[in-house]
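Given next are the chains, with one letter for each unit.
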Amino acid sequence: MSEQERKNLIKKVKTAVVKIGSSVLTHDDGSLDESVFEGIARQVFNLKQRGVRTIIVSSGAIASGMKKLGLSSKPVEIDVKQAISACGQTELIRNYEEAFSEFGLNVAQILLTRDGFSDRKRFLNSRKTIRRLLEMEVIPVINENDTVAFEEIMFGDNDNLAALVISLTEADLLVLLSNVEGFFDKDPAKDENAKLLSTIPEIDSRIESFAGDTFGKTTSGGMKTKIQAARSAAAFGVPTIIANGKRKDSLLSIFNGHEYGTVILPTRERLTGKKHWIAYTLKPQGKLILDEGAADAITKKGKSLLPSGIKEVEGEFEIGELVSCFNSSEVEISRGLCSYGSSEVRKILGKKSSEIENVLGYRYSDEIIHRNEMVILSR
């Protein structure tokens, strides 16, 4: 992608979600770097003058809490991390408030958990709140609500949280700032011949193979979670830029259209808001193994899933919950909201739709998953 093409892409951006990693916000000893907050505030103020609204997804609460409590290593126990986050969250938001106030801007702290996205009503209510904040010219600063989250409703990392905020706010660009220059074809820390990819047209198996996990003293995720986040954003028709937030004026470099970091382009076919919510916001509660005929009917002909095409059921789920559909090669091909619970599906799998009522004594639907409640992930 040329510099002019980057500039053309950036010109279309009216609202950006900017995720800022702990590695950007902290010194080597884990304490928050106040000068970084000032730089972020100045750049966001500059973007506001250009007509770009910014939503910040910020890490740093656990890192800040560890420094405050004198801890040298990140704990693994969820309750300990929750306590540390509670200690650090106040200092984190204070730094944002003080930095942004220097430019006449107010910030609002928003703490989210996955169940706030999974419930459709709560999802829409969160969207209204953030939209109103933006209308009031308040900068939303979003983080995971570590204090109340438990394993089933945790995002696990703020890269994926930022991607979900894209669908929540219908933003135009996802920016992931960390301490790396962008996406490399190899780990640059291990291979001096690693090549920075300026543009990724599509996330395929080759790109996924380049990504790896990173778990540092105060960080988690690495490129693997950034690629997951970029895939989610791409499905919503939104590009992602992965860049080094430690460099001065990194955001302005991006919005000036400079060849900075890695641009990951969106897919051609944009999912609707509801289908993106189904595919990337909800957490699958079960798994259906399909025969080849059903897999082809779903992926190639746009059909609904009927009970006759199901070979196996794994997990326990209720009516209306999300399930993943796999072909016989164990490749996930779709996700959808199930019209029947797992115990019911086990009784009618392999049956014709006309037999459902005879087996169960009732019939909610002819389809196990209707095509309008299903998202295709792999063809």
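Note that the structure is a prediction, hence the values are computed from the model and not measured.

Enquirer: I'm lost on the overall build of the protein in this one. Help?
Expert: In terms of helices and strands, the protein carries 15 helices and 15 strands. Whereas a compact globule of 379 residues would reach a radius of gyration of roughly 21 Å, the protein reaches 22 Å, a difference of no more than 12%. Here the C-alpha coordinates of the protein stretch approximately 70 × 45 × 45 Å along the principal axes. Among the 379 residues that make up the protein, the fraction classed as buried is 52%. A total accessible area of about 17,700 Å² is found for the protein, and carbon and sulfur atoms account for 46% of it. One way to put it: in the protein the 52 positive side-chain charges average out to a point 5 Å from where the 53 negative ones average out.

Enquirer: So what exactly am I meant to see when it comes to the pattern of salt bridges here?
Expert: Oppositely charged side chains can form a pair if their charged atoms are brought close together. Applying the stated criterion across every chain, the model contains 19 salt bridges. The residue Arg127 makes a salt bridge to Glu170 at a minimum N-O spacing of 3.8 Å. Residue Arg127 is located in helix α7 (residues 120-135), and its partner Glu170 is located in the loop between α8 (158-169) and β5 (173-178); the two are separated by 43 residues in the primary sequence. For Arg127, a relative accessible area of 12% translates into the label buried. Arg132 serves as the salt-bridge partner of Glu135, at 3.1 Å between the closest nitrogen and oxygen. Taken together, the residues span about one helical turn, with Glu135 and Arg132 both in helix α7 at a distance of 3 residues. Side by side, Glu135 and Arg132 carry an identical accessibility label, which is exposed. Three or more residues joined by partner-sharing salt bridges are found here, namely Lys19, Asp159 and Lys226.

Enquirer: Quick question: what am I supposed to make of the sheet that holds strand β9 (residues 240-244) here?
Expert: Here we have 8 strands laid out as an open sheet, ordered β3-β4-β2-β1-β5-β9-β10-β8, and mixed in their pairing. The sheet is open, and its two edges are formed by β3 (106-112) and β8 (199-200), each paired on a single side. Bridging between strand β2 (residues 53-58) and strand β4 (residues 138-144) involves 2 bridges; their strand directions are parallel. Bridging from a neighbouring strand, Ile56 pairs with Val141 of β4. The strands touched by helix α3 (residues 34-49) within the sheet are β1 (15-20), β2 and β4, with β2 carrying the most contacts at an inclination of about 155 degrees.

Enquirer: What's the story with the pairing of strand β11 (residues 286-290) in this structure? I'm lost.
Expert: Regular strands show a simple pattern: their side chains alternate between the two faces of the sheet. By the criterion of burial, β11 is predominantly enclosed, with 5 of the 5 residues buried. Relative to strand β12 (residues 310-315), β11 runs antiparallel, the two sharing 5 bridges. Bridge pairing links Leu290 to Ile310 in β12.

Enquirer: Explain helix α1 (residues 3-11) here, please?
Expert: One turn of an α-helix holds 3.6 residues; hence residues three or four places apart share an orientation. Those residues of α1 that sit buried are Arg6, Leu9 and Ile10. In a view along the axis of α1, the buried residues occupy a sector of 95 degrees, so they form one face of it. Buried residues belonging to α1 abut β5, β9, α11 (250-255) and β10 (262-264).

Enquirer: When you look at the confidence of the model for the protein in this model, what are you seeing that I'm missing?
Expert: Any segment with low pLDDT has predicted coordinates that should not be analysed in fine detail. Per-residue confidence for the protein averages 88 on the pLDDT scale, and 93% of its residues sit at or above 70. Across residues 150-154 the pLDDT falls below 50, and counting only partners more than four positions away or on other chains, this stretch makes 14 contacts in the model. Low confidence marks residues 214-221, where pLDDT is under 50. Its contacts with residues over four positions away, or in another chain, come to 24 contacts.

Enquirer: Help me understand the environment of Val36, please; the structure alone is not making it clear to me.
Expert: With respect to the helices and strands, Val36 occurs in helix α3. On the basis of relative accessible area, Val36 is assigned to the buried category, the value being 17%. The sequence separation of Val36 and Ala99 amounts to 63 residues, and the corresponding C-alpha distance is 9.2 Å. Leaving out residues up to four positions away in the same chain, Val36 has contacts with Val24 and Leu25.

Basis of the calculations
Residues numbered from 1 in each chain as written. Predicted model: local features only at pLDDT ≥ 70, side-chain atom pairs only at ≥ 80, totals over all residues. Heavy atoms only, no water. Helix = DSSP H or I, 4+ residues; strand = E, 2+ residues; numbered from the N terminus. Rg over C-alpha atoms; globule rule 2.2 N^0.38 Å. Buried < 20%, exposed > 50% of the residue type's maximum accessible area, 1.4 Å probe, protein only. Areas by Shrake-Rupley, 256 points an atom, 1.4 Å probe, with all protein chains shown as cover. Lys, Arg positive; Asp, Glu negative; His and termini not counted. Charge placed at Lys NZ, Arg CZ, Asp CG, Glu CD. Salt bridge = Lys/Arg side-chain N within 4 Å of Asp/Glu carboxyl O. Pairing = 2+ DSSP bridges. Contact = heavy atoms within 4.5 Å. Axes fitted to C-alpha atoms, helices over the stretch in contact; angles between N-to-C directions. Arc of directions from axis to C-beta. pLDDT = per-residue confidence, 0-100.

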